[in-house]
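As a plain string of letters, each chain reads:
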Amino acid sequence: MLGYLPAAWKTPHLKKDAFVDPEYWENLGKTAERGTLDAIFLADGPLLGDPAYDANPIRLEPTVNWGHVAAATSRVGLVATASSTFNDPFELAERFLSFDHQTGGRAAWNVVTTRGVPAARNFGMPDIPFRDDRYERANEFVDVVRALWASAATGRDVHFHGGFFDIDGRLRVPPSKQGHPVIFQAGGSPQGRELAGRAAEGVFAAELTKNQAIEHYRLVKGFARSNGRSPDDIKILPGLLLSLGSTEEEARRRSDEIHDAGPPSYSIGWLSQAIGFDASKLELDEPFPEEVLAPIGNAQSFLGSIGFRESIITQIRKTNPTVRSYLKQTRYTGSGHAGFVGTPEQLADHIEDWFHAGAIDGFNLQPDRLIDGLDVIVDELVPILRERGLYRHQYETETLREHFQAASPTPPF
Amino acid sequence: MMTKPYLALGLAGPHLVELTTNHQLLERWDALPVAFSVLGIDRIDGSAPAPVTLSSSAVGATLASATKRGRFLIAASPQRDHPYNIARRVASLAHLSGGRSGLLIGVRDAYAPEGPKDAPAWGGAGLGGGAPLNAQTAYDTARAVRALEQSWPYDSIIGDRETGILVESNRILHVDIENSFSIAGPLNAPAPETGASVIAWYAETATDRPPTSDDTPIELILGAAGSVPVVALGKEPPVGQFAGIVLRAGIEQSVSELLDAAERWLADGFVPSALGGSLRATLNLSLPAPLPSTARAAFPVPQPHVSL
Ligand SMILES: Cc1cc2nc3c(=O)[nH]c(=O)nc-3n(C[C@H](O)[C@H](O)[C@H](O)COP(=O)(O)O)c2cc1C
């Protein structure tokens, strides 16, 4: 993870193998901690996409990667993504609790169900299970993991017999400083939101507009409430793709430069995957045909995220752009995730606006290029937020769960 | 002429907790000229589970960062784990530790519940796969881990800013494994710069020895039936010629007792190992042969590109 833009690796600030360089990762953690960030986050999947032009498909295993960073830091939270589809819940529960123990209670598990045939083929399966099956499994998986984490504290065996898993046993890993890891959920489908409302303490969402975000915020917090939980127990953090500069002009130039340094096949490939239609077949200088924007035929076998697709289609319908201009325009407005290009001051305004509107508890900021982009967040954005009384001046809490609990309560809805 | 053996350490569950929560112990551990430490040897050596333990890879991640010289083997077994997932952690640790890490593959995991009767290895994951819990499955796991770690040659990372090509990805290969597991590959991380990780096996008796094949991934056999016997702390080293000895603490013994004993043994009769450096280099093991040239390329030859 060098930054969300494929060409992030090209900067002279990075060694050619920075993505596996221990110092690179330690510095990221230390920088985040200098900014008193709540947490840093790693996406994941057990498969390799073509890394020819882009370091993003390259993935160190997140619990190991963040475990390493943990030893070089002391307060920043560490969110590691792991698949509920391609793991055994006992092994995952043991490893994540160990990771949480080793980090002094700073760990989180971001539950994803994983899509893509290449992942399935690494596990002896011809294809991934349908979405409903993946989420049914994910629900049971999360229950087993939570029961096992509880067993670490009680010392009593778990006897779990479900549709997917049979477990008789317990963990012998000591409970961590925060008891057990925080659970995150990422994914915008109805099944994902229900799982989040039931079990997650954090949600990574994909929200393009403030109104959509408010609706989603209330929906998921409402699910939490109907599960007998407090809406404060679940934090909603949409992704926000960032290019920052000291002027708007400079930010746009930076974004353009890093975009132009990468191959166009990326945005075309990304769009195809996200909308479930081969975008390389589209006329670049024509608007999107209706057949592309129509509701999806078979939601079960659609490989992309329904949440992402909905956001994108809504966006396209609003302005009816040509394919080329949509691909270029998403540089500024985001692509599935919202995008933000501007100054730290403007970003602070944006965060404040969405926060006061009751759309978010925070953002999962995703810089175009981390090696210099994270410094700008830490050294320029964070001080502005502090001045406005919106952000901590130093860590007042130790564990990730405590960091979250220290955040503002959910406004009434 | 007698060559002196090297010394290695065997840590059980409670020692993993003790070592990683004590800075002074970590410093002592890091300064000790032993060949390697096994993180959680009790997980795979047939012991009963101790009251506490940690996942080996989580401990390895801490050691990779908090220490600079000490080497280690993580213990893993396919009982509740899959070779692709094991390979990811092994490769990640090798990158982050500068090659100070390796894998001790076990047949069973003392801390894990049994899986389903018809497929007790990995079958508990409920994905329809799985295999018997035996030496062949562990061996197949080791083969898969080795192949996966080699599926992406490190020197294919070129970072050519002129052409826009970061990786000569046509040199990344599918592993197309069909043994106890079916795995297409490739791994989603490159091979460590120091070469594929050392893979060890544990054999107390001749019947515990690993299966054999031309492409055996096993480079080191711990235990009485191997070249590196395991000696309980408090006992004397065995008589005879051995490449090395693993000094193993019992669960009622502390890490500092183990380190004290190791210091005494190193002063008398054992050869000190280099401080720092990769496990492969320290054990004088050559690089394994690369994947066969017949393996399928995972990606097309990258082309220089123009912008949108
Ligand atoms: C913000 C966000 C982040 C995600 N991160 C990951 C990830 O790191 N790995 C992954 O396999 N899936 C990730 N997903 C995908 C979902 O977990 C899920 O597999 C996919 O979106 C399909 O299910 P859905 O319709 O519920 O979204 C992410 C989704 C969202 C919205």
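Scroll up to find the structure this text is about.
In this text the structure is predicted, and so the values were computed from the model without any measurement. (Residues numbered from 1 in each chain as written. Chains lettered and ligands numbered in written order. Predicted model: local features only at pLDDT ≥ 70, side-chain atom pairs only at ≥ 80, totals over all residues. Heavy atoms only, no water.)

Engineer: Before we go on, may I ask you to explain the overall build of chain B in this structure?
Structural biologist: If you tally the helices and strands in chain B, you get seven helices and 12 strands. Along the first, second and third principal axes, the C-alpha set of chain B runs to 70 × 50 × 40 Å. Counting every position in chain B, which comprises 308 residues, the buried fraction comes to 61%. Within chain B, residue pairs in contact and separated by at least 24 positions form 73% of the contacts whose partners lie at least 6 positions apart. As presented, chain B carries roughly 11,500 Å² of accessible surface, and 54% of it is formed by carbon and sulfur atoms. One finds the centroid of the 22 positive side-chain charges in chain B at a distance of 1 Å from the centroid of its 29 negative side-chain charges. (Helix = DSSP H or I, 4+ residues; strand = E, 2+ residues; numbered from the N terminus. Buried < 20%, exposed > 50% of the residue type's maximum accessible area, 1.4 Å probe, protein only. Contact = heavy atoms within 4.5 Å. Areas by Shrake-Rupley, 256 points an atom, 1.4 Å probe, with all protein chains shown as cover. Lys, Arg positive; Asp, Glu negative; His and termini not counted. Charge placed at Lys NZ, Arg CZ, Asp CG, Glu CD.)

Engineer: Would you mind going over the overall build of chain A with me for this structure?
Structural biologist: Within chain A one finds 15 helices and 11 strands. The C-alpha radius of gyration computed for chain A amounts to 21 Å, which stays within 12% of the reference 22 Å derived for 413 residues, consistent with globular compactness. Its C-alpha atoms give chain A principal-axis dimensions of roughly 65 × 50 × 50 Å. The buried share among the 413 residues of chain A stands at 60%. (Rg over C-alpha atoms; globule rule 2.2 N^0.38 Å.)

Engineer: What's the story with helix 8 (residues 248–260) of chain A in this structure? I'm lost.
Structural biologist: For an α-helix, 3.6 residues make a turn, and residues three or four places apart therefore share a direction. Residues and elements named next belong to chain A. Here helix 8 is 13 residues long and its end C-alpha atoms lie 18 Å apart, about the 18 Å a rise of 1.5 Å per residue gives. Considered for burial, the residues of helix 8 that qualify are Ala-251, Arg-254, Ser-255 and Ile-258. Buried residues along helix 8 cover an arc of 95° about the axis, so they all sit on one side. Exposed side of helix 8, more than 90 degrees from the buried face: Glu-249 and Glu-257 are the residues found there. (Expected span 1.5 Å × (residues − 1). Arc of directions from axis to C-beta.)

Engineer: Explain the pairing of strand 4 (residues 101–105) of chain B here, please?
Structural biologist: Put simply, side chains in a regular strand alternate between the two faces of the sheet. Residue and element names in this part refer to chain B. In terms of burial, strand 4 is a largely internal element, five of the five residues being buried. Looking at chain direction, strand 3 (residues 72–76) and strand 4 are connected through five bridges and run parallel. Its bridge partner being in strand 4, Phe-72 is matched across the sheet by Ser-101. At this point the chain moves from strand 3, through helix 4 (residues 83–97), to the parallel strand 4, and the crossover so formed is right-handed. (Pairing = 2+ DSSP bridges. Right-handed = clockwise from strand over helix to strand, strands pointing away.)

Engineer: Hey, could you run me through the pattern of salt bridges in this one?
Structural biologist: Charged atoms that come close allow side chains of opposite charge to pair. Considering all chains together, one arrives at 39 salt bridges over all chains under this definition. Here A:Lys177 makes a salt bridge to A:Glu398, at a shortest N to O gap of 2.9 Å. Here A:Lys177, found in the loop between strand 5 (166–169) and strand 6 (182–186), pairs with A:Glu398, found in the loop between helix 14 (370–387) and helix 15 (400–405); they are 221 residues apart in sequence, far enough to count as distant. Under the relative-accessibility criterion, A:Lys177 is labelled exposed at 58%. What makes A:Glu398 partly exposed here is its relative accessible area of 37%. Here B:Arg89 ties to B:Asp81 by a salt bridge, and the two come within 2.4 Å at their closest N and O atoms. (Salt bridge = Lys/Arg side-chain N within 4 Å of Asp/Glu carboxyl O.)

Engineer: Quick question: what am I supposed to make of the packing of helix 1 (residues 22–34) of chain A against helix 14 of chain A here?
Structural biologist: When two helices pack together, their arrangement is given by the angle between the helix axes and the distance between those axes. Residue and element names in this part refer to chain A. Orientation of helix 1 relative to helix 14, taken along the N-to-C sense of each, is 10°, at an axis distance of 9 Å. Compared by their axis directions, helix 1 and helix 14 come out roughly parallel. Contacts between helix 1 and helix 14 involve Tyr-24, Leu-28, Thr-31, Ala-32 and Arg-34 on the former and, on the latter, Leu-370, Ile-371, Leu-374, Asp-375, Val-378, Asp-379 and Arg-386. Looking at the contact of helix 1 with helix 14 residue by residue, the classes come out as seven nonpolar, one polar and four charged. (Axes fitted to C-alpha atoms, helices over the stretch in contact; angles between N-to-C directions. Parallel < 35°, antiparallel > 145°, perpendicular 65-115°, else oblique. Nonpolar A, V, L, I, M, F, W, Y, C, P; charged D, E, K, R; others polar.)

Engineer: Mind showing me how you'd approach the site of the ligand here?
Structural biologist: Residue and element names in this part refer to chain A. Close to the ligand lie 19 residues; Asp-44, Arg-131, Tyr-135, Ala-186 and Ser-189 are nearest. For the ligand, an oxygen atom lies 2.4 Å from a polar atom in the side chain of Ser-189. Measuring from an oxygen atom of the ligand, one finds a backbone N or O atom of Ile-306 at 3.4 Å. Notes on the ligand: free accessible area 600 Å², of which the protein chains cover 91%. Of all the secondary-structure elements, those providing two or more residues to the shell around the ligand are helix 5 (131–154) and strand 7 (202–205). Ranked by residues supplied to the shell around the ligand, first place goes to helix 5 with three residues. (Near = heavy atom within 4 Å. Polar contact = N/O pair within 3.5 Å; in protein donor to acceptor, adjacent residues only side chain to side chain.)

Engineer: I would appreciate a short explanation of the environment of B:Ala203 in the present structure.
Structural biologist: Residues and elements named next belong to chain B. Note that Ala-203 resides in the loop between strand 9 (198–202) and strand 10 (220–222). Through-space distance from the C-alpha of Ala-203 to that of Ile-221 is 6.7 Å; in sequence the pair is 18 residues apart. Sequence-distant contacts of Ala-203, that is, excluding residues within four places in its chain, are made with Asp-208, Arg-209, Ile-221, Leu-222, Gly-223, Ala-224, Ala-225 and Gly-226.

Engineer: Would you explain the side chain of A:Arg193 in this entry?
Structural biologist: The residue A:Arg193 is located in helix 6 (residues 190–199) in this model. Nearest to the buried, unbridged A:Arg193 among oppositely charged side chains is A:Glu207, at 4.2 Å.

Engineer: Sorry, what's going on with the side chain of A:Glu94 here?
Structural biologist: Structurally, the position occupied by A:Glu94 is in helix 3 (residues 89–102). By relative accessible area, A:Glu94 is classed as buried at 5%. In this structure A:Glu94 touches A:Leu171, A:Val173, B:Arg43, B:Thr53, B:Ser55 and B:Tyr111, once residues within four positions along its chain are discounted.

Engineer: Just checking my understanding: could you explain the interface of chain B and chain A for this structure?
Structural biologist: It is common to report an interface's size as the accessible area lost on association of the parts. Each partner contributes to the interface: chain B provides 69 residues, whereas chain A provides 71 residues. Taken over both partners, the interface formed by chain B and chain A buries close to 5,700 Å², and the fraction arising from carbon and sulfur atoms is 61%. Its largest share of buried area at the contact with chain A, chain B owes to B:Leu96, B:Leu166 and B:Leu308, together 15% of the area lost on that side. For the pair chain B and chain A, the interface holds four salt bridges. In this structure, B:Arg89 engages A:Glu91 in a salt bridge whose closest nitrogen and oxygen atoms are separated by 3.5 Å. Connecting chain B to chain A are 32 residue pairs in polar contact (both at pLDDT 80 or more). At the level of secondary structure, the elements contributing two or more residues to the side of chain B that touches chain A comprise helix 1 (13–20), helix 3 (56–66), helix 4, strand 5 (157–160), strand 6 (165–167) and strand 8 (182–183) of chain B. (Buried area = accessible area lost by both parts, 1.4 Å probe.)

Engineer: Explain unusual backbone geometry here, please?
Structural biologist: The omega torsion of the bond from B:Gly185 to B:Pro186 falls at -5°, within 30 degrees of zero and hence cis. With respect to the element layout, B:Pro186 can be found in the loop between strand 8 and strand 9. Despite not being glycine, A:Thr36 shows a phi value in the positive range, around 45°. On the basis of relative accessibility, which here comes to 5%, the residue A:Thr36 falls in the buried class. Although it is not a glycine, B:Trp122 sits at a positive phi angle of roughly 70°. As for its placement among the helices and strands, B:Trp122 is situated in the loop between strand 4 and helix 5 (135–150).

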